[in-house]
There are 2 protein chains.
Amino acid sequence: MSPRMISSDDRGLHYGDGLFETVTCVHGQPRWLARHLARLRLGCERLGIAMPDQALLQAKIAALADGQARCLVKLIVTRGVATARGYRPSGAEVPTLVVQLYPWPAPAAGRFTVDVSPVRLGENPLLAGLKHLNRLEQVLAQQQAGIAGVSETLMRASSGGVICGSMSNLFLCEATALITPGVEQCGVAGVMRSLVMDAARAVALPLHVAAVSPERLHAAPAAFVTNVRLGLQSVGTLERRELAVDPRVLKLQDWIHAHTA
Amino acid sequence: MSPRMISSDDRGLHYGDGLFETVTCVHGQPRWLARHLARLRLGCERLGIAMPDQALLQAKIAALADGQARCLVKLIVTRGVATARGYRPSGAEVPTLVVQLYPWPAPAAGRFTVDVSPVRLGENPLLAGLKHLNRLEQVLAQQQAGIAGVSETLMRASSGGVICGSMSNLFLCEATALITPGVEQCGVAGVMRSLVMDAARAVALPLHVAAVSPERLHAAPAAFVTNVRLGLQSVGTLERRELAVDPRVLKLQDWIHAHTA
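Residues numbered from 1 in each chain as written. Chains lettered and ligands numbered in written order. Predicted model: local features only at pLDDT ≥ 70, side-chain atom pairs only at ≥ 80, totals over all residues. Heavy atoms only, no water.

Enquirer: Go over the relation of the copies chain B and chain A, please, and point to the residues and values.
Expert: Between chain B and chain A, which share one sequence, the superposing operator has a rotation angle of 180 degrees and an axial displacement of 0.0 Å; the RMSD is 0.0 Å. Such a combination of rotation and displacement between the chain copies is what one expects of a two-fold axis. In this assembly, 100% of the residues forming the interface of chain B have copies in chain A that are likewise at the interface, indicating an isologous arrangement. (Least-squares fit on C-alpha atoms with pLDDT ≥ 70 in both. Contact = heavy atoms within 4.5 Å.)

This is the structure:
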């Protein structure tokens, strides 16, 4: 877990003023690093944090992943130690970089079960899409998911639409197209989500970004959730309704596998 | 500033999974501590974090404030160092307590100027009212306020209503009553806000919690913002419109002064 210490004056602690990425590494090599770093760069731009040097990030990831068959490396970039009290950044902060190694989690046994969380996502287009450090909504949703005993929990926006899982993006397998909700008001623009979108285009599977009401979700014959660790994970059970496995999932997986270094 | 170090595995850093209070101290004595601790306790209950021992908190505040004419003491309580990867708390975490001393800020010179921020507040009733560590919206709003050169910036909810300042609560001085927005969907239930509400009741000034549209805000003859450091701060200028100072402000200040140990 490579714990180290950070200053208790760090704005990452005080305000969640920063960003993170969880990079999957196989045989010591980070996967889809360019996409992770592109999202991190976008986040730094939106928050006005200096993007850490890319070569430095790559070197730190490589050093931790070296010799590991499979592992996760988490990057945290905060605005840095506060140089003055209060929310307003002074502009003189030096970003803090934390890079941590985690073992690859053991795969969960049994069906992949999903429910819809009672915890909603607040909407803010300035923060939507980013993997920032303000994650209390996900913490609360996962607390509830733990009580409910489900593998993942889907989250609705405060205005009603189903957006994503607490730690994944969502795709519905409708008869004529794959559907994934937009992440312009809340939710994270997942790296695996972007790969699925590229794969669908490449293999000519219709895929649309569209609003997903709870009714639309519950009418879907099949669905899958995505993140870089799970890949494409078919939903086995959605609130006690058993879902089919859609053949399009395998096609997308094959393309992504073939196009991953 | 009494910096100390915390583990980079702390969930306060990773997720903003925690709460804070900024306590004003005068002649070594914390003011309104019972109200601060009541809000902290409510936050701990909502997030499922063990409330730190009250006597311990009091002793730590007293130790820092000792000998200071005026100072701020900030308490941060996080869920603690992660015992497992991911959003879901294991329940085995031991809360982290950070207690820091800050000098009393120099009062700003000139008129107290206020604008309406382009940054909105996402809405989540499970987090609303709490002083939790997910504060990116306030950071973004204060960045904008810095560019605009205003003393404070008012924030609207994503659904439209004006809720509060980035670091204060808002009261409009309408002809027949004082009005303050509700904080059930977003915003913080401020300690000074609760004191103003008690004071208004005690001196029989009509005060209502009610929705404040931008139109209602801009029609108000006078307004003030509150926090424990500023007390009741009359708004001098609201987006270039000069506001009056309402005589009710002095009445409320007098009551609060008389009822503060």
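Don't stop here, the text continues.
Enquirer: Tell me what's going on with the packing of helix H2 (residues 33–47) of chain A against helix H5 (residues 191–202) of chain A, and back it up with residues and numbers.
Expert: Residue and element names in this part refer to chain A. One can describe the packing of H2 onto H5 by two numbers: an axis separation of 10 Å at closest approach and a directional angle of 120 degrees. Judged by the angle between their axes, H2 and H5 are oblique. At the point where H2 passes H5, the crossing takes the right-handed sense. Two secondary-structure elements touch here, H2 through Arg35, His36 and Arg39 and H5 through Val191, Ser194, Leu195 and Asp198. Here the contact of H2 with H5 is composed, by residue class, of 2 nonpolar, 2 polar and 3 charged. (Axes fitted to C-alpha atoms, helices over the stretch in contact; angles between N-to-C directions. Helix = DSSP H or I, 4+ residues; strand = E, 2+ residues; numbered from the N terminus. Parallel < 35°, antiparallel > 145°, perpendicular 65-115°, else oblique. Left-handed = near helix turned anticlockwise from the far one by under 90°. Nonpolar A, V, L, I, M, F, W, Y, C, P; charged D, E, K, R; others polar.)

Enquirer: I'd like to hear about the packing of aromatic side chains, residue by residue, with values.
Expert: Under the counting rule described, the total for this entry stands at 4 aromatic pairs over all chains. Ring geometry for Phe171 of chain A versus Phe224 of chain A: centroids 4.9 Å apart, planes at 5 degrees, classification stacked. In this pair, Phe171 of chain A is assigned in strand E9 (residues 169–173) and Phe224 of chain A in strand E12 (residues 222–227), connecting sequence segments 53 residues apart. Each member of the pair, Phe171 of chain A as well as Phe224 of chain A, carries the same accessibility label: buried. With a centroid separation of 5.0 Å and 55 degrees between ring planes, the pair formed by Tyr15 of chain B and Tyr87 of chain B is classed as tilted. With Tyr15 of chain B in helix H1 (residues 11–15) and Tyr87 of chain B in the loop between strand E4 (70–78) and strand E5 (96–103), this pair connects stretches of sequence that are 72 residues apart. Tyr87 of chain B matches Tyr15 of chain B in its accessibility class, with the two residues each being buried. Positioned above the aromatic ring of Phe20 of chain B, the side-chain terminus of Lys74 of chain B is 4.6 Å from the ring centre. (Phe/Tyr/Trp six-rings, centres within 6.5 Å; stacked < 30°, edge-to-face > 60°. Buried < 20%, exposed > 50% of the residue type's maximum accessible area, 1.4 Å probe, protein only. Lys NZ or Arg CZ within 6 Å of the ring centre and 35° of its normal.)

Enquirer: Help me get a handle on the pairing of strand E6 (residues 113–116) of chain A, residues and values and all.
Expert: Residue and element names in this part refer to chain A. With 2 bridges joining them, E6 and strand E14 (residues 237–238) adopt parallel strand pairing. From the neighbouring strand, Val114 faces E14, where its bridge partner is Leu238. As defined by bridge partners, E6 adjoins strand E7 (residues 152–156) across 3 bridges and the pair is classed as parallel. Counted as the bridge partner of Val116 is Leu154 from E7. (Pairing = 2+ DSSP bridges.)

Enquirer: Break down the interface of chain B and chain A for me, citing the residues and quoting the values.
Expert: Listed by partner, the interface residues are 59 residues for chain B and 60 residues for chain A. For the pair chain B and chain A, the two sides together bury roughly 5000 Å², of which 60% comes from carbon and sulfur. When the buried area of chain B at its contact with chain A is split by residue, Arg85, Tyr87 and Leu136 of chain B rank highest and sum to 17% of it. Taken together, the links from chain B to chain A amount to 0 salt bridges. Counting across the interface, chain B meets chain A through 29 residue pairs in polar contact (both at pLDDT 80 or more). (Buried area = accessible area lost by both parts, 1.4 Å probe. Salt bridge = Lys/Arg side-chain N within 4 Å of Asp/Glu carboxyl O. Polar contact = N/O pair within 3.5 Å; in protein donor to acceptor, adjacent residues only side chain to side chain.)

Enquirer: Any details on the sheet that holds E4 of chain B? Residues and values, ideally.
Expert: Residues and elements named next belong to chain B. Taken together, 4 strands build an open sheet; the order of strands is E3-E2-E4-E5 and the sheet is antiparallel. Two strands lie at the open edges of the sheet, namely strand E3 (29–30) and E5, each paired on one side alone. Examined bridge by bridge, strand E2 (residues 18–26) and E3 share 2 bridges and lie antiparallel to one another. Bridge pairing links Val26 to Gln29 in E3. With respect to the sheet, helix H2 (residues 33–47) is in contact with E2, E3 and E4, its orientation differing from that of E2 by roughly 175 degrees. Packing of helix H3 (residues 54–65) onto the sheet brings it into contact with E2, E3, E4 and E5, and relative to E5 it is tilted by some 25 degrees.

Enquirer: Please give an account of the side chain of Ser7 of chain B that cites residues and values.
Expert: Mapped onto the secondary structure, Ser7 of chain B falls in strand E1 (residues 5–7). Overall, Ser7 of chain B belongs to the buried group, its relative accessible area being 15%.

Enquirer: Can you explain the pattern of salt bridges? Please cite residues and give values.
Expert: Going through the model one piece at a time under the given rule, you end up with 16 salt bridges over all chains. Asp17 of chain A is paired through a salt bridge with Arg79 of chain A; the nearest N and O atoms lie 2.5 Å apart. Taken together, the residues Asp17 of chain A in the loop between helix H1 (11–15) and strand E2 (18–26) and Arg79 of chain A in the loop between strand E4 (70–78) and strand E5 (96–103) connect sequence positions 62 residues apart. The exposure classification of Asp17 of chain A matches that of Arg79 of chain A, with both residues buried. Among the ionic pairs, Glu174 of chain B bridges to Arg216 of chain B, the shortest N-O distance being 2.7 Å. Of this pair, Glu174 of chain B sits in the loop between strand E9 (169–173) and strand E10 (178–180) while Arg216 of chain B is found in helix H6 (residues 214–219), placing the two residues 42 residues apart along the sequence. Judged by relative accessible area, Arg216 of chain B falls into the partly exposed class, the value being 27%. Shared partners join several salt bridges into a network, and the residues in it are Arg11, Asp17 and Arg79 of chain A.

Enquirer: Any details on the pairing of E4 of chain A? Residues and values, ideally.
Expert: Residue and element names in this part refer to chain A. Burial within E4 is extensive, with 8 of its 9 residues counted as buried. In this sheet, E4 lies alongside E2 in antiparallel orientation, the contact comprising 9 bridges. Within E4, the residue paired with Glu21 across the bridge is Leu75. Strand direction decides the pairing type here: E4 and E5, joined by 8 bridges, are antiparallel. Within E5, the position partnered with Ile76 by the bridge is Val98.

Fair warning: the whole summary comes from geometry, so function is off the table for now.
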